[in-house]
Amino acid sequence: MGEVFDIWCAGLFSLPISLPWTAFGKALRAREELLGEIETIVRQRQKRDTPGEDALGILLQARDEDGNGLSLAELKDQVLLLLFAGHETLTSAIASFCLQVAQHPDILAKIRQEQENLPLSSPISSDTLKQMDYLDRVLKETLRFTAPVGGGFRQVIQECEFNGYRLPQGWAVQYQISETHKDAKVYENPDSFDPDRFLTEEKAYGYVPFGGGVRECIGKEFARLEMKIFATRLIQHFDWQLLPDQDLSLITIPTPHPRDGLKVTLTSR
Ligand code: HEM
């Protein structure tokens, strides 16, 4: 399924021309295949006495105010959405973290210094994680510097004016996350990776890696927790160096990742 998932992702933001050899056409076929696999899993789960406590179990038990559950098509669609929203974004974020830390040994040293006197034995408690203020800033800066999601759409529900432009009702508007995060009017030296900027700079709608408003990312806190645990364990147990002769320029679709992947040598500590 991993390979099919990659084909689907590669065509997610492509020209909508459905031919057998276009990225879009391949993605449509991959989507059908993924939905077929997901349907098998959903049907198996529906036959069980208990739906389970994972995301699929919760979706199976969800009821609206009239007591209706989700249809099979809706369940399949939600599972596929979660695979993209929860997996693809996060892998991009932690790859960016690994890249930045490998390129900034001074930052790695500071993270380690912060962790030196903390109880990092298994399992890590949330109290311990909360004490890692510097790591928090590094992860925050990672999401500013290389935002996993490029932007999002909103529909104008009521005609309004913005910066002298009239926005008619019904229009679709796009907000751009990376452009906001790299706007020199919002951030000083936006192109430098500087976790300590968050000691002083706090920009409500100038920092939007998870979107904003009522449709903000529903997995935001979970994602931040996953990133922090991943970063803590990686730094605790490994050193890593970037391999030479690789192209680290970013492909941004569907989420930012280095053109050659991210090739590193990992050494146990
Ligand atoms: C670093 C990781 C992540 C980033 C940067 C991210 C970013 C975003 C963004 C920008 C949106 C659109 C919000 C908007 O329209 O204003 C979104 C929506 C969403 N995200 Fe995340 N996300 C991440 C991780 C996750 C995880 C781990 C999950 C679930 C386990 C998740 C589930 C969702 C869902 C279901 C939506 C749609 C919410 C809706 O339309 O109401 N995301 N995310």
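Here's what I pulled together on the structure shown here. (Residues numbered from 1 in each chain as written. Predicted model: local features only at pLDDT ≥ 70, side-chain atom pairs only at ≥ 80, totals over all residues. Heavy atoms only, no water.)

Some thoughts on the nonpolar core
Point 1. Grouped together as the largest cluster of nonpolar side chains are 30 residues, with contacts concentrated most on Phe-97, Ile-111, Leu-135, Val-138 and Met-227.
Point 2. Of all elements in the fold, only helix H4 (72-103), helix H5 (105-115), helix H7 (133-145) and helix H9 (220-237) reach the threshold of two or more residues within this core.
Point 3. If you tally residues by element for this core, the top one is H4, at six residues.
Point 4. With residues up to four places along the chain from it excluded, the contact list for Met-227 reads Leu-90, Ala-93, Ile-94, Leu-139 and Leu-143.
Point 5. Among the nonpolar cores identified, the runner-up in size contains 17 residues, and Leu-56, Leu-60, Leu-80 and Phe-84 belong to it. (Core = buried A, V, L, I, M, F, W, Y, C linked by side-chain atoms within 4.5 Å. Buried < 20%, exposed > 50% of the residue type's maximum accessible area, 1.4 Å probe, protein only. Helix = DSSP H or I, 4+ residues; strand = E, 2+ residues; numbered from the N terminus. Contact = heavy atoms within 4.5 Å.)

Here's the deal with the pattern of salt bridges
Point 1. Throughout the structure, instances matching the rule amount to 17 salt bridges.
Point 2. A salt bridge links Arg-31 to Asp-77; the nearest nitrogen and oxygen atoms lie 3.0 Å apart. Of the two residues, Arg-31 sits in helix H2 (residues 23-47) while Asp-77 sits in helix H4, which places them 46 residues apart along the sequence.
Point 3. A relative accessible area of 38% places Asp-77 in the partly exposed class.
Point 4. We note a salt bridge from Lys-220 to Glu-216, for which the minimum N-O separation is 3.3 Å.
Point 5. Residue class for Lys-220 comes out partly exposed when judged on its relative accessible area of 24%.
Point 6. When salt bridges with common partners are traced through the structure, they connect Arg-31, Glu-32 and Asp-77 into a single cluster. (Salt bridge = Lys/Arg side-chain N within 4 Å of Asp/Glu carboxyl O.)

Describing the site of the ligand
Point 1. Taken together, 21 residues lie around the ligand, and Ala-85, Arg-154, Tyr-175, Arg-215 and Cys-217 are the ones closest in.
Point 2. At a separation of 3.4 Å, an oxygen atom of the ligand approaches a polar backbone atom of Gly-212.
Point 3. When contributions to the shell around the ligand are tallied by element, the ones reaching two or more residues are H4 and H9.
Point 4. Counting residues per element, the shell around the ligand draws most heavily on H4, at five residues.
Point 5. Grouping the amino acids of the shell around the ligand by side-chain chemistry returns 13 nonpolar, five polar and three charged. (Near = heavy atom within 4 Å. Polar contact = N/O pair within 3.5 Å; in protein donor to acceptor, adjacent residues only side chain to side chain. Nonpolar A, V, L, I, M, F, W, Y, C, P; charged D, E, K, R; others polar.)

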